[in-house]
Amino acid sequence: SFQQINLNETLPRLGEFDVVFLRNVMIYFDNDTKARVVERIAATLKPGGHLIIGHSESLNGVTDVLKPVRPSVYRK
């Protein structure tokens, strides 16, 4: 089945994940929106889980919930 999710709204209960890929999405958001989206996504990550974003994207100055591991890879 197909489920459409709007990142600008409260996320449905999706469970907890080891890795979330959100590539080439953050470039379309301003910093305030990025911060809210990252907060929502981070809540779905298990402790030590990773968020992978696009190579041209960065979360520098957006959040301290996730720590950079290498370019485009962040850990909760």
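This write-up is about the structure you can find in this document. Remember, it's a predicted structure, so these values are computed and weren't measured experimentally.

Focus: the overall build of the protein chain
Part 1: Counting its secondary structure elements, the protein chain contains 1 helix and 4 strands.
Part 2: Secondary structure of the protein chain in N-to-C order comes out as β-α-β-β-β.
Part 3: Considering only C-alpha atoms, the protein chain reaches an extent of 35 × 25 × 20 Å along its principal axes.
Part 4: Look at the contacts in the protein chain between residues 6 or more apart in sequence, and 59% of them connect residues 24 or more apart.
Part 5: Approximately 5200 Å² of the protein chain is accessible, and the part contributed by carbon and sulfur atoms is 48%.

Re the side chain of Glu57
Part 1: Within the secondary structure, Glu57 is located in the loop between strand S2 (45-53) and strand S3 (67-70).
Part 2: Despite its burial, Glu57 pairs with no opposite charge; the closest candidate is Arg23, at 6.9 Å N-O.
Part 3: From its side chain, Glu57 meets the backbone nitrogen of Asn24 in a polar contact 3.0 Å long.
Part 4: Setting aside residues up to four positions removed in sequence, Glu57 forms contacts with Leu22, Arg23, Asn24, Val25, Met26 and Ile27.

Considerations on a nonpolar patch on the surface
Part 1: On the surface, Ile5, Leu14 and Phe17 cluster together into a nonpolar patch covering about 210 Å² of accessible area.
Part 2: Leu14 gets classed as partly exposed once you look at its relative accessible area, which sits at 33%.

Quick look at the sheet that holds strand S4 (residues 73-75)
Part 1: Pairing within the open sheet is mixed, and its 4 strands lie in the order S1-S2-S4-S3. The sheet terminates laterally at strand S1 (17-22) and S3, the two strands that pair on one side only. Averaged over all pairs of adjacent strands, the angle between their axes in this sheet comes to 25°, without regard to strand direction.
Part 2: Looking at chain direction, S2 and S4 are connected through 3 bridges and run antiparallel. Bridge pairing in S4 links Leu51 to Tyr74.
Part 3: Docked against the sheet, helix H1 (residues 31-44) engages S1 and S2, running at close to 135° with respect to S2.

Analysis parameters
Residues numbered from 1 in each chain as written. Predicted model: local features only at pLDDT ≥ 70, side-chain atom pairs only at ≥ 80, totals over all residues. Heavy atoms only, no water. Helix = DSSP H or I, 4+ residues; strand = E, 2+ residues; numbered from the N terminus. Contact = heavy atoms within 4.5 Å. Areas by Shrake-Rupley, 256 points an atom, 1.4 Å probe, with all protein chains shown as cover. Buried < 20%, exposed > 50% of the residue type's maximum accessible area, 1.4 Å probe, protein only. Lys, Arg positive; Asp, Glu negative; His and termini not counted. Salt bridge = Lys/Arg side-chain N within 4 Å of Asp/Glu carboxyl O. Polar contact = N/O pair within 3.5 Å; in protein donor to acceptor, adjacent residues only side chain to side chain. Patch = residues over 30% accessible without salt bridge, like charges linked within 9 Å, V, L, I, M, F, W, Y side chains within 5 Å. Pairing = 2+ DSSP bridges. Axes fitted to C-alpha atoms, helices over the stretch in contact; angles between N-to-C directions.

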